[in-house]
Amino acid sequence: MIMEYVPIPEGYRVPAAQQGRMESFVYRNADEEKQAWVYLPYGYDDSGDRYDIIYMMHGGSDNSTDYLGTDAEPNELKNAIDHLIENGEIRPLILVMPTFYPNGCEDVSVENSARLVKLFPKEFEEYLMPSVESKYRTYADTSDADGFRASRTHRAFGGFSMGGVTTWYMFLEHLDLISTFIPESGDCWYYERLGGRTYAEQTAKLLCDTVKSKGYTAEDIRIFAATGSEDIAYPQLDAQIKAMKAVGDVFRADGDANLTYIVGEGCTHWYAPVREYFYDILRTAYPPVKQ
Ligand code: FER
């Protein structure tokens, strides 16, 4: 399905009356203490409810503040999400912005970033997700493999650029933990760097075979991909998406679609449009839950 790129309305860029909270979240991985940013929706503390959760990864040489900002400096996307929730356009949800860089990492080259994003699915499964979801009220009843698998339909992972590359690694490794994937301006680098174009058919087949080999079907996964027509990642992601549509019945772009694709006309490789695609995706992917 092709989804239209709709910019964030001016009135949604400014602070909402009912504001969610940006919280710094510290956890340990195998080597050190790391920090992520967490967005908690307005009313979280009083509700006792459980919430869908979305993890969003930044791009190469960027950091965990780039998607939503911080508590001191929330950005237009954070404000827009507050408005969407306040006006009942989406369900309230929890967002987590982690980083694939170790603390103080000075080598943010594409080579080193590509090496690190490949390692991230392990950190996610062993350290980040259990730490986050034992603290915050997600649909994981228990913070163990059973609890995380049983709640996979309430968990999403996405990201921009190298964060999009990360998203495809997460797809290959953690379909049992995650149902919804939001790759923005980043392709799958399983075969080689920029492999979404150079190995488009092979990549599509690998993704398709991964779904099937784990016993899942089209109904079990959702992909919301986005990029800009002038984005440096466009040729890679576009070739990959085209090949995915052609590969068989696992990725459906028409009818009962599970593969949704936004191309922002004239948009380039940076956060302003990428935050807006995410705003659009939220409105489609997370409608309010009917009482
Ligand atoms: C792409 C995916 C990721 C791409 C670039 C990147 C040029 C990331 C680059 C960087 O972090 O420098 O398809 O296309």
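The text that follows walks through the structure, step by step, so that each part is easy to find. What you are looking at is a predicted structure, and each value in this text was computed from that prediction instead of being measured.

1. Quick look at the overall build of the chain
Point 1. The secondary structure content of the chain amounts to ten helices and nine strands.
Point 2. Over its C-alpha trace the chain gives a radius of gyration of 18 Å, about what one expects of a compact globule, namely 19 Å for 291 residues.
Point 3. Seen through its principal axes, the chain has C-alpha atoms that stretch 50 × 40 × 40 Å.
Point 4. In the chain, which comprises 291 residues, the share counted as buried stands at 57%.

2. Comments concerning the state of the cysteines
Point 1. Counted according to the given criterion, the structure contains zero disulfides.
Point 2. Cys188 carries a free sulfur, and the closest cysteine sulfur to it, the one in Cys208, is 13 Å from it.
Point 3. By relative accessible area, Cys188 is classed as buried at 1%.

3. Describing the site of the ligand
Point 1. Every residue near the ligand is listed here: Gly60, Val110, Ser161, Met162, Val165, Gly186, Asp187, Trp189, Leu194, Ile232, Ala233 and Gln236.
Point 2. The contact in question runs from an oxygen atom of the ligand to an N or O atom on the side chain of Asp187, over 2.6 Å.
Point 3. Here Gln236 contributes a side-chain N or O atom positioned 2.8 Å from an oxygen atom of the ligand.
Point 4. For the ligand, the protein covers 80% of the area, taking 370 Å² as the surface of the free molecule.

4. Quick notes on the packing of aromatic side chains
Point 1. With the rule as written, the count across this model stands at 20 aromatic pairs.
Point 2. Aromatic pair Tyr55 and Phe157: ring centres 6.5 Å apart, planes at 20°, arrangement stacked. Within this pair, whereas Tyr55 is found in strand β4 (residues 52-57), its partner Phe157 is found in strand β6 (residues 155-160), the two being separated by 102 residues in sequence. Each member of the pair Tyr55 and Phe157 is classed as buried.
Point 3. Judged by centre distance (4.9 Å) and plane angle (85°), the rings of Tyr190 and Tyr191 are edge-to-face.

5. With respect to the pattern of salt bridges
Point 1. In the structure shown here, the tally under the stated rule is 17 salt bridges.
Point 2. Across the pair Glu10 and Arg13 runs a salt bridge, and its minimum N-O distance is 3.7 Å. Here Arg13 and Glu10 lie together in helix α1 (residues 10-13), a separation of three residues that amounts to about one turn.
Point 3. Accessibility expressed as a relative area gives 61% for Glu10, which makes it exposed.
Point 4. The class of Arg13 is partly exposed, set by a relative accessible area of 26%.
Point 5. Close ionic contact of Arg91 with Asp52 constitutes a salt bridge, the shortest N to O distance being 3.6 Å. With Arg91 in the loop between α3 (76-86) and β5 (93-97) and Asp52 in strand β4, this residue pair connects regions lying 39 residues apart in the sequence.

6. A word on the nonpolar core
Point 1. Grouped together as the largest cluster of nonpolar side chains are 58 residues, with contacts concentrated most on Tyr55, Ile94, Phe124, Phe171, Ile223, Met244 and Phe251.
Point 2. With eight residues, the top contributor of residues to this core is helix α4 (residues 110-135).
Point 3. Sequence-distant contacts of Phe124, that is, excluding residues within four places in its chain, are made with Tyr55, Met129, Pro130, Arg155, Phe157, Met170, His174, Leu177 and Ile178.
Point 4. In this structure, Ala80, Leu93, Phe278 and Ile281 belong to the second largest nonpolar core, which totals 36 residues.

7. Topic: the pairing of strand β8 (residues 222-228)
Point 1. Most of β8 is tucked away: six of the seven residues are buried.
Point 2. Two elements, strand β7 (residues 180-184) and β8, share three bridges in a ladder whose sense is parallel. When the sheet's bridge partners are listed, Glu184 is paired in β8 with Ala226.
Point 3. Across six bridges, the pairing between β8 and strand β9 (residues 259-264) is parallel. The partner of Ala226 across the bridge, within β9, is Ile262.

8. Thoughts on the packing of α4 against helix α6 (residues 162-173)
Angle between the axes and distance between the axes: these two values describe a pair of packed helices.
Point 1. Viewed as axis vectors pointing N to C, α4 and α6 meet at an angle of 45°, and their least axial separation amounts to 9 Å. By the angle between their directions, the pair α4 and α6 is classed as oblique. Where α4 crosses over α6, the handedness of that crossing is right-handed. Contacts between α4 and α6 involve Ser113, Ala114, Val117, Lys118, Phe120, Pro121 and Phe124 from the first element and Met162, Val165, Thr166, Tyr169, Met170 and Glu173 from the second.

9. Overview of the sheet that holds β6
Point 1. Strand order in this open sheet of nine strands is β1-β9-β8-β7-β6-β4-β5-β3-β2, and the pairing throughout is mixed. Either end of the sheet is taken by a strand with one partner, and the two such strands are β1 (2-3) and β2 (21-28).
Point 2. Examined bridge by bridge, β6 and β7 share five bridges and lie parallel to one another. Paired with Gly158 across the two strands is Ile182, which belongs to β7.
Point 3. Sheet contacts for α6: β4, β6, β7 and β8; angle to β6, the most-contacted strand, approximately 145°.
Point 4. Against the sheet, helix α9 (residues 234-246) makes contact with β1, β7, β8 and β9, and its axis sits at roughly 150° relative to β9, the strand it touches most.

Calculation notes
- In this convention, every chain numbers its residues from 1, walking through the sequence in written order.
- With the structure being a predicted model, the display of local features is reserved for residues of pLDDT at least 70 and the display and counting of side-chain atom pairs for 80 or more, all residues being used for whole-chain, interface and lining totals.
- Side-chain descriptors were evaluated using all non-hydrogen atoms of the structure, hydrogens and water having been removed beforehand.
- Only runs of H or I of at least four residues qualify as helices and only runs of E of at least two qualify as strands under DSSP, and these elements are numbered from the N terminus.
- The quantity called the radius of gyration is restricted to C-alpha atoms. Its globule counterpart is 2.2 Å times the number of residues to the power 0.38.
- Only protein chains enter the area calculation, which uses a 1.4 Å probe; residues under 20% of their type maximum are buried, those over 50% are exposed, and those in between are partly exposed.
- For this text, the term disulfide refers to a pair of cysteine sulfurs within 2.5 Å.
- Think of it this way: one heavy atom of a residue within 4 Å of a molecule or strand is enough to make that residue near it.
- We call two N or O atoms a polar contact when they sit within 3.5 Å, provided that within protein one can donate a hydrogen and the other can accept it, with sequence-adjacent residues counted only if both atoms are side-chain atoms.
- We get accessible surface area from the Shrake-Rupley algorithm with a probe of 1.4 Å; when it comes to residues, only the shown protein chains can shield them.
- Any two of the Phe, Tyr and Trp rings considered here, Trp counted by its six-membered ring, make a pair once their centres fall within 6.5 Å; the pair's planes then place it as stacked at under 30 degrees, edge-to-face at over 60, or tilted in between.
- Here, a salt bridge means any Lys or Arg side-chain nitrogen found within 4 Å of an Asp or Glu carboxyl oxygen.
- In these notes, a set of buried Ala, Val, Leu, Ile, Met, Phe, Trp, Tyr and Cys residues joined through side-chain atoms within 4.5 Å is what counts as a nonpolar core.
- We call two residues in contact whenever any of their non-hydrogen atoms come within 4.5 Å of each other.
- Strand pairing is assigned whenever DSSP detects at least two bridges linking the two strands.
- Angles here are taken between N-to-C directions and fall from 0 to 180 degrees, while the axes themselves are lines fitted to C-alpha atoms, restricted in helices to the stretch in contact.
- Angle categories: roughly parallel below 35 degrees, roughly antiparallel above 145, roughly perpendicular from 65 to 115, and oblique for all the rest.
- Put simply, a crossing is left-handed when the front helix is turned counterclockwise from the back one by less than a right angle, and right-handed when it is turned clockwise.

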